Amino acid sequence: MSVVHRGRRRLSGHARLGMSALVAVVVVAFLASLCIGDTAIDPLRVLQSLFSADGGVRMVVVGWRMPRALAAIVFGAALALAGAVFQVITRNPLGSPDVIGLTTGAYTGALVVMTGGLAGSGALVTLGAVIGGFATAALVGVLVAGRGALGYRIVIVGIGVGAVLAAVNAWMLLRARLEVAISAAIWGAGSLGGVTWQQIRLPFAVIAVLLVALACARRGLWLVQLGDDIGTGLGGRMGWSKIGLVAIAVGLTGVVTAIAGPISFVALAAPHLAKSIVKSGTAHLVATALMGAALLCVSDLIGQNVVPKHALPVGVVTLVLGGVYLIWLVVRGSRRR
């Protein structure tokens, strides 16, 4: 049975229950993000503010909190799907953008724009991050081209390239003006603080286009998952499929990084966690997106409230969760041997 047909099978009761739970988590976390903050607002007043012109409450809920909550959902889904694509292409469970250096490369591209005196131009910062991500992907691709054990090599080379770029980023921050360096360093921790409607309009539009492209390319993704020989036998153009999928995943990573900074863990863990709900098929992409949205939304909610009056960047929370998750993977793997 081809993966395309397999993706159309009816979901099991377990899968439907799991995806329903993810939707519930996203909705509850979204509403909690609107209610909880420096000033707590009753849920009923939050709902009323969405349909009224109550100046003060509406400004807090719709003007300040809602852009951040929506960004957590959309960016989490985008990172998770980018991670799923790279894990399929590399055939390696560690093949996510943050591990293989693409997130760091996108941060480098954004830093070049910011330290060049163009920090006020959101479009240019986004473009710089996307170009940085593509350049990093191309560099990793050149360094591993024509060699065996592709998935393993991509991860190892990507970690090395990411380490070099991290040093370059630190050097740029040291040479930048103090106010630019402080702003870039805080943003570099991965933060959704201060996100506004104006900042997210263009990224949301770009992500929407990339998600449509990914939906159109889903058959190519499943063929890549089967392997080059089988995929070619089923009529797939594997080279072009991989190039298109990489372009989509790098674009998703770059756009998110340009606005929120480098956020770890979500792209790595969400596809694995989604597999515990849906093993394969189109539904797995939906489950992965929901898992990423839930992880980032809950992580941002934790970061805003775990330390009273001192909000933590969401990247710090996801980094801690990612460390715990990796330790759990190692322990579970050692027990199975």
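If you're wondering where the values come from, they're calculated on a predicted model, not measured in any experiment. (Residues numbered from 1 in each chain as written. Predicted model: local features only at pLDDT ≥ 70, side-chain atom pairs only at ≥ 80, totals over all residues. Heavy atoms only, no water.)

1. Brief notes about the overall build of the chain
The number of helices and strands found in the chain is 15 helices and zero strands. Overall, the chain is about 60 × 55 × 40 Å in size when its C-alpha atoms are taken along their principal axes. Residue burial in the chain is summarised as follows: out of 337 residues, 48% are buried. Taking as baseline every contact in the chain between residues at least 6 positions apart, the subset at least 24 positions apart corresponds to 73%. For the chain, the exposed area adds up to about 16,400 Å²; of that, 68% sits on carbon and sulfur atoms. (Helix = DSSP H or I, 4+ residues; strand = E, 2+ residues; numbered from the N terminus. Buried < 20%, exposed > 50% of the residue type's maximum accessible area, 1.4 Å probe, protein only. Contact = heavy atoms within 4.5 Å. Areas by Shrake-Rupley, 256 points an atom, 1.4 Å probe, with all protein chains shown as cover.)

2. Regarding the packing of aromatic side chains
Counted by the stated rule, this structure contains two aromatic pairs. A ring pair is formed by Phe 75 and Phe 204, whose centres lie 6.0 Å apart and whose planes are at 90°; its orientation type is edge-to-face. Residue Phe 75 is located in helix H4 (residues 55-90), and its partner Phe 204 is located in helix H9 (residues 197-216); the two are separated by 129 residues in the primary sequence. We classify Phe 75 as buried; its relative accessible area is 0%. (Phe/Tyr/Trp six-rings, centres within 6.5 Å; stacked < 30°, edge-to-face > 60°.)

3. What to know about the packing of H4 against helix H13 (residues 266-275)
Look at H4 against H13: their axes get within 7 Å of each other, and the N-to-C directions meet at 75°. In this view, H4 runs roughly perpendicular relative to H13, as classed from their interaxial angle. Counting all contacts with H4, which are made through Gly 76, Leu 79, Ala 80, Gly 83, Ala 84 and Gln 87, the residues of H13 involved are Val 266, Ala 267, Leu 268, Ala 270, Pro 271 and His 272. Among the residues making up the contact of H4 with H13, the classes are represented as eight nonpolar, four polar and no charged. (Axes fitted to C-alpha atoms, helices over the stretch in contact; angles between N-to-C directions. Parallel < 35°, antiparallel > 145°, perpendicular 65-115°, else oblique. Nonpolar A, V, L, I, M, F, W, Y, C, P; charged D, E, K, R; others polar.)

4. Overview of the environment of Ala 167
Within the element layout of this structure, Ala 167 appears in helix H7 (residues 150-175). Distance from Ala 167 to Thr 108, taken between C-alpha atoms, is 10.0 Å for residues 59 residues apart in sequence.

5. A closer look at the pattern of salt bridges
Counted according to the given criterion, the structure contains two salt bridges. Its salt-bridge partner being Asp 300, residue Arg 68 comes within 2.9 Å of it at the nearest N-O pair. Linking Arg 68 in helix H4 with Asp 300 in helix H14 (residues 282-305), this pair joins segments that are 232 residues apart in sequence. Each member of the pair, Arg 68 as well as Asp 300, carries the same accessibility label: buried. When the shortest N-O distance is used, the salt bridge between Glu 179 and Arg 177 registers 3.1 Å. (Salt bridge = Lys/Arg side-chain N within 4 Å of Asp/Glu carboxyl O.)

6. Section: the nonpolar core
Of all hydrophobic cores here, the largest spans 83 residues; its most connected members are Phe 75, Leu 192 and Leu 252. Of all the elements, H4 adds the most residues to this core, at 20 residues. Apart from the residues within four sequence positions on either side, Leu 192 is in contact with Arg 68, Ala 71, Ala 72, Phe 75, Ala 260, Asp 300 and Val 314. Among the nonpolar cores identified, the runner-up in size contains 13 residues, and Met 114, Ala 129, Ala 184 and Ala 258 belong to it. (Core = buried A, V, L, I, M, F, W, Y, C linked by side-chain atoms within 4.5 Å.)

7. Some points on a nonpolar patch on the surface
Residues Val 25, Val 298, Ile 302, Val 306, Val 307, Leu 312, Val 316, Val 320 and Val 324 make up a contiguous nonpolar surface patch of about 640 Å² in total accessible area. Put simply, the parts of the chain that give the nonpolar patch at least two residues each are H14 and helix H15 (314-336). Broken down by element, the residue count for the nonpolar patch peaks at three residues, all from H15. Among the structural elements, Val 307 can be located in the loop between H14 and H15. Under the relative-accessibility criterion, Val 307 is labelled partly exposed at 33%. (Patch = residues over 30% accessible without salt bridge, like charges linked within 9 Å, V, L, I, M, F, W, Y side chains within 5 Å.)

8. Considering the packing of H4 against H9
Describing two packed helices takes the angle between their axes plus the distance from one axis to the other. Contact pair H4 / H9: the axes reach a minimum separation of 11 Å and the direction vectors enclose 30°. When the interaxial angle is binned, H4 and H9 end up roughly parallel. With respect to the hand of their crossing, H4 and H9 are arranged in left-handed fashion. Contacts between H4 and H9 involve Val 62, Gly 63, Met 66, Pro 67, Leu 70, Ala 71, Val 74, Phe 75, Ala 78, Leu 81 and Val 85 from the first element and Trp 197, Ile 200, Pro 203, Phe 204, Ile 207, Leu 211 and Leu 214 from the second. Of the residues assigned to the contact of H4 with H9, the class counts are 17 nonpolar, one polar and no charged. (Left-handed = near helix turned anticlockwise from the far one by under 90°.)

9. Focus: H4
Counted at 1.5 Å a residue, the expected span for H4 with its 36 residues is 52 Å, and the 51 Å between its end C-alpha atoms agrees. Taken as a whole, H4 carries its principal kink of about 45° at Arg 65; the proline Pro 67 stands between one and four residues after it. Across the 36 residues of H4, 28 count as buried, placing the element largely inside the fold. The positive-phi residue at the C-terminal boundary of H4 is Arg 91, with phi of around 55°. (Expected span 1.5 Å × (residues − 1). Bend = angle between axes of the 7 residues up to and from the residue.)

10. Regarding the side chain of Thr 257
Examined against the element boundaries, Thr 257 turns out to sit in helix H12 (residues 238-260). The contacts of Thr 257, once residues within four sequence positions are left out, are Thr 103, Ala 106, Tyr 107, Trp 187 and Pro 262.

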